[in-house]
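# Structural description and commentary
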Amino acid sequence: MLQLCIMKIHNFSAGPCILPDEVLQEAAGAVQNFNGLGLSLIEISHRSKDFVAVMDEARELVKELLQLPERFDVLFLQGGASLGFYTAAMNFLPEDGKAAYIDTGTWSNKAIKEAKHLGDIDVLGSSKDTNYNHIPSFNGIDPSCAFMHYTSNNTIFGTQFKGTPDVQVPLISDMSSDIFSRTFDPNPFHLIYAGAQKNMGPAGTVMYAFDREALGKTGRTIPSYMDLAVHASKDSMFNTPPVFPVYVTMLTLRWMKSMGGVAAMQQRNEAKSKLIYDEIDRNPLFEGHATVDSRSHMNATFRLLDAAHADRFDALWTDAGISGLKGHRSVGGYRASMYNALPLESVQVLVDAMQALEQKS
Ligand SMILES: *Cc1c(COP(=O)(O)O)cnc(C)c1O
């Protein structure tokens, strides 16, 4: 009984998902008494100097960790990445303009749907025919496109762009599920956006990083809350920001910096994904969903070749303290989400369960 209470849980949840222990502890303390004020973080004014410092530090840490050029601004807003789909097109797709999108699954589909309300959308490539098991190739981008939009990592299907696509137009990317997981050059981007709850913090805020010089060129009237220029002019304090998610995000960004920054996160993530994919390829009972060249370092999707083993495997990983391994309903099987805060040790526990199944069958 006692053992059960202190058993370590290995959290493979796809989102909201694992955060570093030290971040959770510090956040718990701040909810009771923030900065020794005798007040909770969530009961002080967002205009107080203590909270303004949190927002400023969070925005600065993003600039530093992503090595954003001077012309970039960073905001933390509400509405999730799902409002980001529309906000992206509102701010960067000119009236009567055209943009290119790559369809790699659920989230890019939703982005395409919203953008179609605002302009002409060219879907350059899609892997729909094979249940999104790979990143499609594409070519023939119309140079008159205002931007090309892609989902850098496909949380549900477990595919990921290997690097930044090399095209002749500016890029916009939904990086919700792999932001801060690997280094990249921000220069080709007009906008990067990411919901916090996959690799950055709790649900409730979405990060926008964008080239401010690319704003204001659409010719349309943008509602105030959706206008990135309005938020930038108010230092991300146009209205009451989501104070708790922004605070916990700031703590997570501090943690990433203390661990060695994005390059160090990338190394950790590559070690974790190698461990799981090597086992998927070696173990005769399992197969991966994503094709090898499109595999995600964040979300590994796999299944049993023989469903008759499912009950035994489910018991093995549950008993090992693993949580959140069930695949999304559109893919089935299993999904191991290995965001920055997940230790290598947790992946080893999963691999051990896969090997135990092999030995027992
Ligand atoms: C989870 C997810 C979203 C949706 O984010 P919300 O914050 O729930 O709107 C969008 N894009 C990707 C890649 C995701 O993983």
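Quick note: structure is the one above.
Read on for an overview of the structure. (Residues numbered from 1 in each chain as written. Predicted model: local features only at pLDDT ≥ 70, side-chain atom pairs only at ≥ 80, totals over all residues. Heavy atoms only, no water.)

Looking only at helices and strands, the protein features 10 helices and 14 strands. The C-alpha atoms of the protein give 21 Å as radius of gyration, which agrees with the globular expectation for 361 residues (21 Å, within 12%). Principal-axis analysis of the C-alpha atoms places the extent of the protein at approximately 65 × 60 × 30 Å. When burial is assessed residue by residue, the protein has 55% of its 361 residues classed as buried. Counting only contacts in the protein whose residues sit at least 6 apart along the sequence, the fraction spanning at least 24 positions is 68%. As displayed, the protein offers around 15,300 Å² of accessible surface, 51% of which is attributable to carbon and sulfur atoms. Side chains of the protein carry 31 positive and 40 negative charges; the gap between the two charge centres is 2 Å. (Helix = DSSP H or I, 4+ residues; strand = E, 2+ residues; numbered from the N terminus. Rg over C-alpha atoms; globule rule 2.2 N^0.38 Å. Buried < 20%, exposed > 50% of the residue type's maximum accessible area, 1.4 Å probe, protein only. Contact = heavy atoms within 4.5 Å. Areas by Shrake-Rupley, 256 points an atom, 1.4 Å probe, with all protein chains shown as cover. Lys, Arg positive; Asp, Glu negative; His and termini not counted. Charge placed at Lys NZ, Arg CZ, Asp CG, Glu CD.)

On strand β14 (residues 334-337), burial covers both faces: Y334 and A336 on one face and R335 and S337 on the other are all buried. Pairing analysis gives 4 bridges linking strand β12 (residues 299-304) to β14, with the strands arranged antiparallel. Directly across from A300, in β14, lies its bridge partner A336. (Pairing = 2+ DSSP bridges.)

Moving on, we come to the sheet that holds β12. Strand order in the open sheet formed by 3 strands is β11-β12-β14, and the pairing between neighbours is antiparallel. Each edge of the sheet is formed by a strand with only one pairing partner; in this case those strands are β11 (286-288) and β14. Between one strand and the next, the sheet's axes are offset by a mean angle of 35°, whatever the strand orientation. Pairing between β11 and β12: 3 bridges, direction antiparallel. Each residue of the ladder has a partner; that of F286, found in β12, is L304. The strands touched by helix α8 (residues 261-282) are β11 and β12; relative to β12, the strand with the most contacts, the crossing angle is about 20°. Packing against the sheet, helix α9 (residues 310-319) makes contact with β11, β12 and β14, and its axis sits at approximately 20° to β14. (Axes fitted to C-alpha atoms, helices over the stretch in contact; angles between N-to-C directions.)

So, on to the site of the ligand. Neighbouring the ligand are 13 residues; S82, T155, D174, Q197 and K198 lie closest to it. In the model, an oxygen atom of the ligand is placed 2.5 Å from a nitrogen or oxygen of the T155 side chain. A distance of 2.6 Å separates a nitrogen atom of the ligand from a polar atom in the side chain of D174. Summarising the interface, the protein chains cover 87% of the accessible area of the ligand, which totals 390 Å² for the free molecule. It is helix α4 (residues 80-92) that contributes the most residues to the shell around the ligand, 4 residues altogether. In the shell around the ligand, the residues fall into 3 nonpolar, 8 polar and 2 charged. (Near = heavy atom within 4 Å. Polar contact = N/O pair within 3.5 Å; in protein donor to acceptor, adjacent residues only side chain to side chain. Nonpolar A, V, L, I, M, F, W, Y, C, P; charged D, E, K, R; others polar.)

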